Amino acid sequence: MFDYSARPDLLKGRTILVTGAGRGIGAAAAKAYAAHGATVLLLGKTEGNLAEVYDQIEAAGHPKPAVIPFNLETALPHQYDELAAMIESEFGHIDGLLHNASIIGPRTPLEQLSGDNFMRVMQINVNAMFMLTSTLLPLLKLSQDASVIFTSSSVGRKGRAYWGAYGVSKFATEGLMQTLADELEGVAPVRANSVNPGATRTSMRAQAYPGENPENNPLPEQIMPVYLYLMGPDSTGINGQAFNAQ
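Cut-offs used in this document
- Residues numbered from 1 in each chain as written.
- Predicted model: local features only at pLDDT ≥ 70, side-chain atom pairs only at ≥ 80, totals over all residues.
- Heavy atoms only, no water.
- Buried < 20%, exposed > 50% of the residue type's maximum accessible area, 1.4 Å probe, protein only.
- Helix = DSSP H or I, 4+ residues; strand = E, 2+ residues; numbered from the N terminus.
- Pairing = 2+ DSSP bridges.
- Right-handed = clockwise from strand over helix to strand, strands pointing away.
- Phe/Tyr/Trp six-rings, centres within 6.5 Å; stacked < 30°, edge-to-face > 60°.
- Lys NZ or Arg CZ within 6 Å of the ring centre and 35° of its normal.
- Axes fitted to C-alpha atoms, helices over the stretch in contact; angles between N-to-C directions.
- Core = buried A, V, L, I, M, F, W, Y, C linked by side-chain atoms within 4.5 Å.
- Contact = heavy atoms within 4.5 Å.
- Salt bridge = Lys/Arg side-chain N within 4 Å of Asp/Glu carboxyl O.
- Left-handed = near helix turned anticlockwise from the far one by under 90°.
- Nonpolar A, V, L, I, M, F, W, Y, C, P; charged D, E, K, R; others polar.

1. Topic: the pairing of strand 5 (residues 146-151)
- Strand 5 sits mainly inside the fold: 6 of its 6 residues count as buried.
- The two faces of strand 5 match: Ala146, Val148 and Phe150 on one face and Ser147, Ile149 and Thr151 on the other face are all buried.
- Sheet analysis places strand 4 (residues 96-99) next to strand 5, joined by 4 bridges and oriented parallel. By the bridge assignment, His99 is partnered in strand 5 with Phe150.
- Tracing the backbone out of strand 4, into helix 4 (residues 115-141) and back to the parallel element strand 5 gives a crossover that is right-handed.
- As defined by bridge partners, strand 5 adjoins strand 6 (residues 190-196) across 6 bridges and the pair is classed as parallel. In the sheet register, Thr151 faces strand 6, and the bridge partner there is Val195.
- Handedness of the crossover joining strand 5 and strand 6 through helix 5 (residues 164-184) is recorded here as right-handed.

Structure below.
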């Protein structure tokens, strides 16, 4: 496991947006960020899940989060602009962006993968991530020390058979992170890095490996050290790097 111990007030006064915040790693990260003092913007498509995470953060006495229902599969360019305008008027700027939302798509040989399925995975995992990044970059640049975390995968670092659109989308994720990091280096107070969560006890992992015993994998809460490290000031100056949570 990534070795880092976050001090309690690590993210005090920071505003952080988390995509796919309704469950799994996104929900765990949102709660961890809130527990360390951040105001968390919970973005996802299922309002009920987001409301549950909101209630848990509020019940724990952490800074009041915000729920942002947003469908990354169907959102149009003007909706990203409206989202950024809303965040700017409510919060002024953001200090962090965790790109966590993605879908796995069919696990099948490329030869048997339909164009529709390929494009759906790329739409959510890549296009929407680019749109959100580019739209929110001006708000990140208003921070004194902002961090963007991209969620990668081992299959986005070395190609593996039958991972199809998902694997390709994670290669694109690494490429987007590296390109952004290089453009920001030395010119803006924003850094970009990627995290490969590794095998974690989530519904997506169960979908990918139905025969696996989930008990053998850590809970999302157990892989939070790297997410806290990269989102806080201790990682200032770390840019363009690919991290492993485990």
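2. Structural notes on the packing of aromatic side chains
- By the definition in use, this model includes 7 aromatic pairs.
- On the numbers, 5.1 Å between centres and 70° between planes, the contact of Phe70 with Tyr80 is edge-to-face. Of the two residues, Phe70 sits in the loop between strand 3 (66-69) and helix 3 (77-91) while Tyr80 sits in helix 3, which places them 10 residues apart along the sequence. Each of the two residues, Phe70 as well as Tyr80, counts as buried.
- The rings of Phe2, Tyr4, Tyr229 and Phe243 are connected pair by pair, giving a single aromatic cluster.
- A cation over a ring is seen here: Arg107 above Trp163, with NZ or CZ 3.9 Å from the ring centre.
- Against the face of Tyr209 rests Arg107, its NZ or CZ located 5.7 Å from the ring centre.

3. Brief notes about the sheet that holds strand 3
- Here 7 strands make up an open sheet; going across it, the order is 3-2-1-4-5-6-7 and the pairing parallel. Each of the sheet's edge strands pairs with one partner strand only, and the pair in question is strand 3 and strand 7 (242-244). Across the sheet, the mean angle separating the axes of adjacent strands is 20° when strand polarity is ignored.

4. What to know about the nonpolar core
- Membership of the largest hydrophobic core comes to 34 residues, with the highest contact counts inside it found for Tyr33, Leu42, Met224 and Tyr227.
- Looking at this core, the elements that each hand over two or more residues are strand 1 (15-19), helix 1 (24-35), strand 2 (39-44), helix 2 (47-59) and helix 7 (224-231).
- In contact with Leu42, not counting residues within four places along its chain, are Val18, Ala21, Ala30, Leu50, Val53, Tyr54, Ile57, Pro65, Ala66, Val67 and Ile68.
- Ile94, Leu97, Leu176 and Ala181 belong to the second-largest nonpolar core, a separate cluster that totals 32 residues.

5. A look at unusual backbone geometry
- The phi torsion at Tyr162 lies on the positive side, around 70°, for a residue other than glycine.
- Within the element layout of this structure, Tyr162 appears in the loop between strand 5 and helix 5.

6. Concerning the pairing of strand 1
- The buried count for strand 1 comes to 5 of 5 residues, which makes it a mostly enclosed element.
- Of the two faces of strand 1, both are covered, the one formed by Thr15, Leu17 and Thr19 as well as the one formed by Ile16 and Val18.
- Here 5 bridges tie strand 1 to strand 2, and the two strands are oriented parallel to one another. Pairing of Ile16 across the sheet is with Val40, part of strand 2.
- One crossover worth recording links strand 1 to the parallel strand 2 by way of helix 1, and it is right-handed.
- As paired strands, strand 1 and strand 4 are joined by 3 bridges and run parallel to one another. Across the sheet, Val18 pairs through a bridge with Leu98, a residue of strand 4.

7. With respect to the pattern of salt bridges
- By the definition in use, this model includes 8 salt bridges.
- Ionic pairing is found between Asp9 and Arg7, a salt bridge with its closest N-O pair at 3.5 Å.

8. Quick look at the packing of helix 3 against helix 4
- Their axes nearest at 10 Å, the elements helix 3 and helix 4 cross at an angle of 35°. For the element pair helix 3 and helix 4, the recorded crossing hand is right-handed. Contact residues: helix 3 offers Pro77, Tyr80, Asp81, Leu83, Ala84, Ile87 and Glu88, while helix 4 offers Ala128, Met131, Leu132, Thr135, Leu136 and Leu139.
- Considered class by class, the residues forming the contact of helix 3 with helix 4 number 10 nonpolar, 1 polar and 2 charged.

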